[in-house]
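# Descriptive structure summary
Here's the letter readout for the chains.
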Amino acid sequence: MLKGRREDQAVVDGLLESARAGRSGALVIYGDPGIGKSALLRSASERATDLRVLRSVGVETEAELPFAALHQLLRPELARAEALPERQALALKGALGLGAAAGEDRFLIGLGTLSLLSEIAEDGPLLCLVDDAHWLDRASADALVFAARRLDAEGVVLLFAARDGFNAQGLPERRLGPLDAESAAELLTERDPHLAESLRNRVLAESCGNPLALIELPRTADPFTPMPLPRRIQEAYATRIARLPDGAQLMILLAAVEDTGDLGTVLRAAERLGIGAESLGTAERAGFLTAGGGRTFADAGGVTFAHPLMRAAAVHSAAFDRRLVAHRALADVLDDQDDRRAWHLAAVALGPDEQVAIALERAAERARTRHGHAAAAAALERAAELTTDPGSLARRLTEAAVAAADAGLPDRTQALAERAARLVDDPRSIARLAGLRARVAFERGSVHTAHDILLAGASRVAELDPVAAGLMLIDAGRNAWQLSDPRRVEEAAVRLRRLPLREEDGLDSAVDAVEAAAESLGHGPARALPGMRPLVLDARGIERGSYGLRVNGAFVAGLVGEFEAQREISAALVEECGALGMTGWLPLAHVTLAASAVYLGRFTDAKADAAEGLRIARDFGQPHRTGYLEGMLAWIAAVEGDDARCAELAARCAEHFAVTGIANGVAWSEWAQAMLDLSRGRHTQALDRLESALAGPVRHQIQAVYFAADQVEAAVRAGLPDRAKEPLERLAEWAGAARLDWADAVLARCHALVEPGDELFSAALKPHGRPLEHARTELVYGEWLRRERRKRDARTKLRAALETFQRLGAAPWAERAAAELRAAGEVIAAPAAFDKLADLSPQELQIVRLAMTGLTNREIGARLFVSPKTVSYHLYRAFPKLGVSSRVELARLDLGAA
């Protein structure tokens, strides 16, 4: 047992036991330098003698080498990549430099990583140890965190040890604190049993419970210098290095700056400097270099440091000229590794050097083809530092900014884009940089700033490149629409109209949609319908590709009330993007797919679609999508009568809105809370909430049209008919322009609520494809019939409403219908189990739906970004819930719409 770490070891042991039982888990162990993170990983390895163990260590200087840490982890098992689905295998091998790099989506690489870990675990449980994760290259970190989030039923444990700063959102974490006084004293006694009492007490006080400090401080001549504890430990290591022979010191320095742990490279560079292999042994006996895992250097083929602070001490304590010598020697022996050689040459360059800059630029291009965007940004930025030609400098800074944006590094993107913007003068570069700066502003929640940047950028290129200007103005208009800002939408629309765009530019329907949005915000949504519908038609006619146009078309379909078209476009997008690995578009496609399912009353599907969209949006760092999806989930929770869930999700939407000002998510959440009030009979509260929402930016969102019927019902039931007039007029104007069956039916229900009559109720009950709205009409019609003492007719309507509400899972509405039925003299039987899918989790539902199409577990896993083992696990958990025992029986089920 480690001193003072019993509880921490118990947590890790629990994960190991779960892996032995076939379940997976991940844990991020955070803590300060020297606190015992690495020791806990070593302990896990020692206690997992029956598990296959893979290891990787992040190195501070390897951030410029994409997938270096991932390659280190998977290297012993890379031959198994041949067993993966073809696209995953190609993506993973291309990323790791083992095949042609095709610029595959980085999440396809992450899925390949997950599938490979699952494949390895076929032979038995697997333990993956990633130390110093805060120093992982960005590409490796993305792939490993992606895989860790999706571990489920593979029998894999993934442990990360990291300092603060490692971004592993969504993974379980545990923080190591200082050792308690008793454990610290035991460790010090064990390591230095003969330490003088006065020195012992001072070390215990100065170490602050840090295990590495307890071990190292007694070894240095001046352990109590007033400086941060990690620095004192590093100084202690530097003192120890200085006592070694010159050859051993240089061997340690070579290992520190080589940074990949390749023993052959280190020894070749040492030989070039006249240092023999015996210096490696000296460094090992001194406790600095090790092969790791109890192996010899010859067996391991690699070399590493006993502790990361030793590497830092070796680099920072070496004289500047000695570091140059080490880098030069390594560059000389890396003729077959162009990227690593370029970085060592860059470390040697003391001034502008075009040849080295070109080498770095080529390294950046190779990194980008492997989706190593952070590495590409670093290489291009360093290349720019070595550049004197103004044109080349501007180009390299621009490309560095693009790569930083693709890597999700907003601060670096902003800084690089601003530097480049002062140098560029060609329209394409101006447009690209404006787009980047707007993207950063948008992701930071500064949507107004993003809009202004796009307008300014479009003005600079309008005459030179109208298409580029048009695309920027379309984006600006879309941003302003999300802000519900009429002035800004109108400004974008006016500028678009002034551009000399041609029909062959292909922007007509998108431009029309922006102009229609301006009409909507300025004069009401009914005026927008003619201008928006062409975009839906265009999007519906595209079978493959054109993702941006199709996503916009799906959004607009929701705005014009064509929900079947919205679902058709969105479902095709989700299927295509999932199959082709175009995952960047998936969060938006899931937003529109979930919205269509909500409107069409397919709440089980809507929950599954929204949950998947949320998961991918978080992976992509798209917080603006999460608010929209959480708002829809809040609405579903309201319909289902889950008060706590509705309140929780609505609160999150309010938080998103406070940061971004984007109104679509909060529009859903306000509507959700009003729906809950309405279903619970709190009519005045529902009316007040909706009217309050209309006083803000929600009034410009399409939900203001769609919840007008709820306002009418709340006002009538609250005995406040005057407050029903305005929403009734709002809905009537829109329905008259829309000419949709469902809109006419809902409008007829509203009129029937105000002035009840059989003719109006009959018109409201014409079939229109929205079951919740149809059932609500049957409910209010049945209530009126009962009050008119027509109980037999009332029971017919109420019974039909009750059955629909039960099938949809709309519990509060079902309770109201049941209460009315009882009042009408009918005995209510226990609800039938209409929906066989009701007990399935969202993930089980998605897996079942795909399995019914005949896809294999591997194909389903690729589509949903999970491992085949996870597919199998959830599929066979779903079988008993559906009353089947095989895929053959599953294929025969008619699950219908959910």
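Now for a look at the structure at hand. In this text, all values refer to a predicted model and were calculated from it rather than measured experimentally. (Residues numbered from 1 in each chain as written. Predicted model: local features only at pLDDT ≥ 70, side-chain atom pairs only at ≥ 80, totals over all residues. Heavy atoms only, no water.)

### Comments concerning helix α24 (residues 466-483)
Basically, it comes down to this: Helix and strand definitions follow DSSP, with helices as H or I runs of at least four residues and strands as E runs of at least two, each counted in order from the N terminus. Under the convention used throughout, the expected extent of a helix is 1.5 Å for every residue step, that is, one less than its residue count. Burial classification: accessible surface area is computed with a 1.4 Å probe over protein chains only, and a residue below 20% of its type maximum counts as buried, one above 50% as exposed, and the rest as partly exposed.
The end-to-end C-alpha separation of α24 is 25 Å, in line with the 26 Å expected for 18 residues at 1.5 Å each. Here α24 lies mainly inside the structure; 14 of its 18 residues are buried. A positive backbone phi angle near 55° is found at S484, which sits one or two residues after α24.

### Things to note about the environment of G14
As for its position among the elements, G14 is in helix α1 (residues 6-20). As for G14 and G25, which are separated by 11 residues in sequence, their C-alpha atoms are 9.5 Å apart.

### Section: the environment of F555
Our working rule: What makes two residues a contact is simply this: any of their non-hydrogen atoms within 4.5 Å.
Counting through the fold element by element, F555 comes out in helix α28 (residues 547-559). Judged by relative accessible area, F555 falls into the partly exposed class, the value being 23%. Separated by 19 residues in the primary sequence, F555 and V536 have C-alpha atoms spaced 8.6 Å apart. Not counting residues up to four positions away in its chain, the partners in contact with F555 are Q566, L588, V591, T592 and Y628.

### A closer look at the pattern of salt bridges
Stated precisely, the cut-off is as follows: Salt bridge, as used here: a side-chain nitrogen of Lys or Arg that lies within 4 Å of a carboxyl oxygen of Asp or Glu.
Evaluated as defined, the whole model comprises 77 salt bridges. For R533, the salt bridge identified is with E562, shortest N-O distance 3.1 Å. In this pair, R533 is assigned in helix α27 (residues 529-540) and E562 in the loop between α28 and α29 (563-580), connecting sequence segments 29 residues apart. Assessed through its relative accessible area of 24%, R533 is described here as partly exposed. D677 is the salt-bridge partner of R682, the closest N and O atoms lying 2.8 Å from each other. With a relative accessible area of 28%, R682 lands in the partly exposed category. Under the relative-accessibility criterion, D677 is labelled buried at 9%. Among the ionic contacts, a cluster of salt bridges with common partners joins D710, E713, R717, R749, E773, R776, E783 and R816.

### Describing the packing of helix α44 (residues 842-852) against helix α45 (residues 857-864)
The cut-off we apply is this: Axes here refer to lines fitted to C-alpha atoms; in helices the fit is confined to the stretch in contact. Angles between the N-to-C directions go from 0 to 180 degrees. Orientation categories follow fixed angle ranges, with anything under 35 degrees roughly parallel, anything over 145 roughly antiparallel, 65 to 115 roughly perpendicular, and all other angles oblique. By definition, turning the near helix anticlockwise from the far helix through less than a right angle yields a left-handed crossing, and turning it clockwise yields a right-handed one. Residues are grouped as follows: Ala, Val, Leu, Ile, Met, Phe, Trp, Tyr, Cys and Pro are nonpolar; Asp, Glu, Lys and Arg are charged; all remaining types, including Gly, are polar.
Remark: α44 packs on α45, axes separated minimally by 10 Å, with the N-to-C direction vectors making an angle of 130°. Judged on the interaxial angle alone, α45 and α44 are oblique. Seen along the crossing, α44 lies across α45 with a hand that is right-handed. Along the contact surface, α44 presents Q846, I847, L850 and A851, while α45 presents I860, R863 and L864. Taken together, the residues of the contact of α44 with α45 sort by class into 5 nonpolar, 1 polar and 1 charged.

### Notes on the nonpolar core
Put simply, the test is: Nonpolar cores were defined as sets of buried Ala, Val, Leu, Ile, Met, Phe, Trp, Tyr and Cys residues, with membership established by side-chain atoms within 4.5 Å.
Core analysis: the largest hydrophobic core is formed by 234 residues, its most contacted members being F160, F166, M532, W635, Y706, W734 and F805. When sequence neighbours within four positions are dropped, the list of residues in contact with F805 reads L772, A775, R776, L779, A810, W813, A814 and A817. Listed in part, the 47 residues of the second largest apolar core include A283, F297, A318 and L330.

### A short note on the pairing of strand β1 (residues 25-30)
Filter applied, for reference: Two strands pair if DSSP finds at least two bridges between them.
With 6 of its 6 residues buried, β1 lies for the most part within the structure. Residues G25, L27 and I29 line one face of β1 and the alternating positions A26, V28 and Y30 line the opposite face, and both faces are buried. With 6 bridges connecting them, β1 and strand β4 (residues 156-162) associate as parallel partners. Residue L27 lies in a different strand from β4, and its bridge partner there is L159. With 3 bridges connecting them, β1 and strand β5 (residues 173-175) associate as parallel partners.

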